2 protein chains.
Amino acid sequence: MAEQRSIGAERVEAAAEGAPEGAAGESVRIAAAAPAADHVALHWAAHPRGLAASRFHFVWLRANCRCAECLHPHTWERTIDSYALDPAIRPAEIAAAEEGRALALRWPDGHETRLAAGWLAARDYDGGARRADMRAVRSWDAAALLADPPEHRWEAVTTGDADLRLMLTDLRERGLAIVRGVPPQDGEVERVARRIAFLRETNFGVGFRVENKPDPNNVAYTALELKAHTDLPNRESPPGIQFLHCHRADAAGGESLLVDGFRAAERLRDEAPEAFARLTRTALPFRFVDADWDIRWRAPTIRLDADGDFEEVRYHDALTAPLDVPFEEMGPLYDALRRFTAILREPQMELRLKLQPGDLIAFQNRRVLHGRGAFDPNAGLRKLEGCYVDCDDAWSRLRVLERSAGG
Amino acid sequence: MAEQRSIGAERVEAAAEGAPEGAAGESVRIAAAAPAADHVALHWAAHPRGLAASRFHFVWLRANCRCAECLHPHTWERTIDSYALDPAIRPAEIAAAEEGRALALRWPDGHETRLAAGWLAARDYDGGARRADMRAVRSWDAAALLADPPEHRWEAVTTGDADLRLMLTDLRERGLAIVRGVPPQDGEVERVARRIAFLRETNFGVGFRVENKPDPNNVAYTALELKAHTDLPNRESPPGIQFLHCHRADAAGGESLLVDGFRAAERLRDEAPEAFARLTRTALPFRFVDADWDIRWRAPTIRLDADGDFEEVRYHDALTAPLDVPFEEMGPLYDALRRFTAILREPQMELRLKLQPGDLIAFQNRRVLHGRGAFDPNAGLRKLEGCYVDCDDAWSRLRVLERSAGG
């Protein structure tokens, strides 16, 4: 990833600091700083979102001092021990400085802190900066996706950073990207994935082939129908992004099936709130067992993060061990799973694609369920090659591309 | 991992099925099967835990049919579509069979299901089988750990499966294992880790060296003190097990520090339940930024699973972005973090080890915090080599070793 190394240290600093020091940041001005018991109220002379005032706690201001002593100048890591600070800490002096472009503080021990007005406005927790920083999710059903298909060309994605950024934006917001024209040869899927980041190894190896095999250890390696599911639910952290690249599609049938699990979860929340709540709080037991492996994990079907946003859908009947909730909960749990399953299988939820040689799909494995129709293994070959990359590393790549592209 | 392949198909089946077909399973007998509205009550003639009766829902019994048509005979995956079953499904016939050793069911469509009494007793969700299957956690403070140190020898662990099993048992239950006598040479830490499973790659590579470097991108690569922390909290799924192997320890200071985060969380729950609850429900923003990467994630300090058990402790002030909870929550959040930090730093909680060349520590990175004292980089070399393996794969290895060792 040599192309990123050329960006300057200022860009890294701006990214690390999230500082809107360009257009938005420059225009922020502090009119006055009014100290209260445990915080200061900053009255804004100019604010990008038109806020009049924002409050910042003294302990927060001390913990987030940006000087080279408190924040390591090379690693951007905090070196001040912020959870050992005196909770009653209070600056000896506090004032707007640089014509309102900064807040200047002097602490009782003489340490000085200076924070840019734009930096403060960008992380104004009193004014909702947290929500503004959350990731974008555009959920879809088949018609919504087809109205604006997330399609990309192999030549563009592998040679141009702008096109790679568009592909990653689709992956992040809609959970799916389709790349056409990928040479149907061994190793090409890994080349595309490595444009994004290193690969995530699993018990199936670094890469894998989906073709019907004798003596399979996985239903994927048969010619059977596969209902839409998420991969490797038996792992604590199933891989984030799955890549599947079609080399051969001679057999009749075997079309691919993709369903946005977040849209299905939204529907369940609206239509059957009790079933939804049950699926968020009940961990199901998953397991994969063969001669070499025995990997088990318990996790809910729909996982919400601490802010109540969707974090994950984990759904794979085939790898679900016998359910083991208490007797009284078993009936309602089956009812909730049946209800969610019915939504997942509504035809308008299902994007059906017959992949042709050269087509590659990449999708968020813990959001977008995938499956395939049965096919006749005697009527021709069907061969896909696949691999995984974690979301952490893919979204990092997107942020770094945006950093290079941005102002 | 050729040694595991030699075990027979019956062993894999027993593991996949969790069937106590040995001692315990053989002695289970059904006296009578009494159908009710949506379930059957099995009255036990003999039961390993002395239960008189257990209830199983009809839909559960149908979904868990073990015949080759409903459960793939090679992959152990369910092929019956259990969430599409009629919720009112009811067997046409139901009876104890084989002198009470099995339950025999015939469904309205003629399909027959036969389930061993021992298999049913082992997953008796009406009788608490779920809790019995949960993982063992033995939390510790420094004295408790030193009273029974989790020490192992390199020769034994690398050549004998029994010793590897003991090491993995310490890692699983106590979150820590110490291995002595590992040749202090490059690559040896990876050899030990690969005895367990494949390595988990991160943005720092497959393996890493901890030594003081010029122009570091991480505080670990300086000579500064490192407060106890968990690694890579800025990733959605930080690596599960960290291995650190000491090659050189000439510098004064630089002793290693280990703290059981689960014990600290138990203490917080007992001593300050409101602070504990706050740390389980408040996601903190973490981030790592350098020229090539920008990896961010939000997660709570203490994460509980759906059953209320500890799943993870994630704690690293240095990589915590400016906190961004709403204004009213900021003071209580700092209070809670300060309280947790104070417990983590109590001397009785801290295991202090001066690693010598040849010592290797392996610990659960999302449970056991690690740190080091400052050292004088001019007084001699300090060099560690490290790598990561995920818990999924380590616990899988342990289960497979237990399968080979078991009856």
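About the cut-offs
- Residues numbered from 1 in each chain as written.
- Chains lettered and ligands numbered in written order.
- Predicted model: local features only at pLDDT ≥ 70, side-chain atom pairs only at ≥ 80, totals over all residues.
- Heavy atoms only, no water.
- Domains from an automatic or database assignment.
- Pairing = 2+ DSSP bridges.
- Helix = DSSP H or I, 4+ residues; strand = E, 2+ residues; numbered from the N terminus.
- Axes fitted to C-alpha atoms, helices over the stretch in contact; angles between N-to-C directions.
- Contact = heavy atoms within 4.5 Å.
- Least-squares fit on C-alpha atoms with pLDDT ≥ 70 in both.
- Buried < 20%, exposed > 50% of the residue type's maximum accessible area, 1.4 Å probe, protein only.
- Buried area = accessible area lost by both parts, 1.4 Å probe.
- Salt bridge = Lys/Arg side-chain N within 4 Å of Asp/Glu carboxyl O.
- Polar contact = N/O pair within 3.5 Å; in protein donor to acceptor, adjacent residues only side chain to side chain.

## Focus on the domain arrangement of chain A
Bring the parts together and some accessible area is lost; that lost area is often taken as the interface size. Per the domain assignment, the segments of chain A are domain 1 (2-132) and domain 2 (142-405). For domain 1 of chain A and domain 2 of chain A, the distance between their C-alpha centroids amounts to 41 Å.

## Details of the sheet that holds strand β1 (residues 29-35) of chain A
With antiparallel pairing, the 3 strands of this open sheet are ordered in space as β1-β2-β3 (chain A). Only two strands of the sheet have a single neighbouring strand rather than two, namely β1 and β3 (53-57) of chain A. Within this sheet the neighbouring strands show an average axis-to-axis angle of 25 degrees, counted without direction. Bridge count for strand β2 (residues 39-46) of chain A against β3 of chain A is 5 bridges, and the pairing is antiparallel. If you follow H43 of chain A over to β3 of chain A, its bridge partner there is A53 of chain A. Sheet contacts for helix α13 (residues 327-344) of chain B: β2 and β3 of chain A; angle to β3 of chain A, the most-contacted strand, approximately 5 degrees.

## Description of the relation of the copies chain B and chain A
Each copy superposes on the other: chain B lies on chain A with an RMSD of 0.0 Å after a rotation of 180 degrees and an axial shift of 0.0 Å. The relationship between the two copies is best expressed as a two-fold rotation axis. Residue S237 of chain B, judged by its C-alpha, is the member of chain B lying nearest the rotation axis, at 3.2 Å.

## Overview of unusual backbone geometry
Residues and elements named next belong to chain A. Even without being a glycine, E99 presents a positive backbone phi close to 55 degrees. With respect to the secondary-structure elements, E99 resides in the loop between β4 (93-97) and β5 (102-106). Under the relative-accessibility criterion, E99 is labelled exposed at 67%.

## With respect to the interface of chain B and chain A
With 107 residues of chain B in contact, the opposing surface of chain A contributes 107 residues. Carbon and sulfur atoms make up 49% of the area that chain B and chain A hide from each other, which totals about 9,400 Å². At the boundary of chain B with chain A, the tally comes to 18 salt bridges. The residue E311 of chain A makes a salt bridge to R303 of chain B at a minimum N-O spacing of 3.0 Å. Put simply, the parts of the chain that give the side of chain B that touches chain A at least two residues each are α1 (2-5), α2 (9-17), β3 (53-57), α4 (58-63), β13 (283-289), β14 (294-300), α13 and α14 (391-405) of chain B. Considering every element that reaches the side of chain B that touches chain A, the biggest residue donor is α13 of chain B, with 9 residues.

## Quick look at the pattern of salt bridges
Side chains carrying opposite charge are able to pair once their charged atoms draw close together. Residues and elements named next belong to chain A. Under the criterion given, the structure shown has 82 salt bridges over all chains. With its nearest N and O atoms 3.2 Å apart, the salt bridge here joins R191 to E188. Placement of both R191 and E188 in helix α10 (residues 188-196) is noted, with a separation of 3 residues, approximately one turn of the helix. Note that E346 is salt-bridged to R267, the shortest N-O span being 2.8 Å. A residue pair is termed long-range when its members are at least 10 positions apart, and E346 in the loop between α13 (327-344) and β17 (350-353) and R267 in helix α11 (residues 261-271) qualify at 79 residues. Look at E346 and you get partly exposed, because its relative accessible area is 21%. A residue is classified by how much of its surface remains accessible, and R267, at 18% relative accessible area, is buried. What you see here is one network of salt bridges that share partners, running through R138, D148, D170, E173 and R174.

## A short note on the sheet that holds strand β19 (residues 368-372) of chain A
All names here are of chain A. Strand order in the open sheet formed by 4 strands is β10-β19-β12-β17, and the pairing between neighbours is antiparallel. Each edge of the open sheet carries a strand with a single partner, namely β10 (226-229) and β17. Within this sheet the neighbouring strands show an average axis-to-axis angle of 20 degrees, counted without direction. Judged from the 2 bridges that link them, β10 and β19 form a sheet pairing that is antiparallel. Residue pairing in the sheet places L226 in a bridge with R372 of β19. Against the sheet, α11 contacts β12 (256-260) and β19, and its axis sits at roughly 45 degrees relative to β12.

## Details of the environment of Q364 of chain B
Residues and elements named next belong to chain B. On the secondary structure map, Q364 appears in strand β18 (residues 360-364). A relative accessible area of 10% places Q364 in the buried class. Through-space distance from the C-alpha of Q364 to that of H316 is 15 Å; in sequence the pair is 48 residues apart. For Q364, the residues in contact, after removing those within four places along its chain, are L171, R172, G175, G240, I241 and W395. Here L171 takes part through its backbone oxygen, which lies 2.7 Å from a polar atom of the side chain of Q364.

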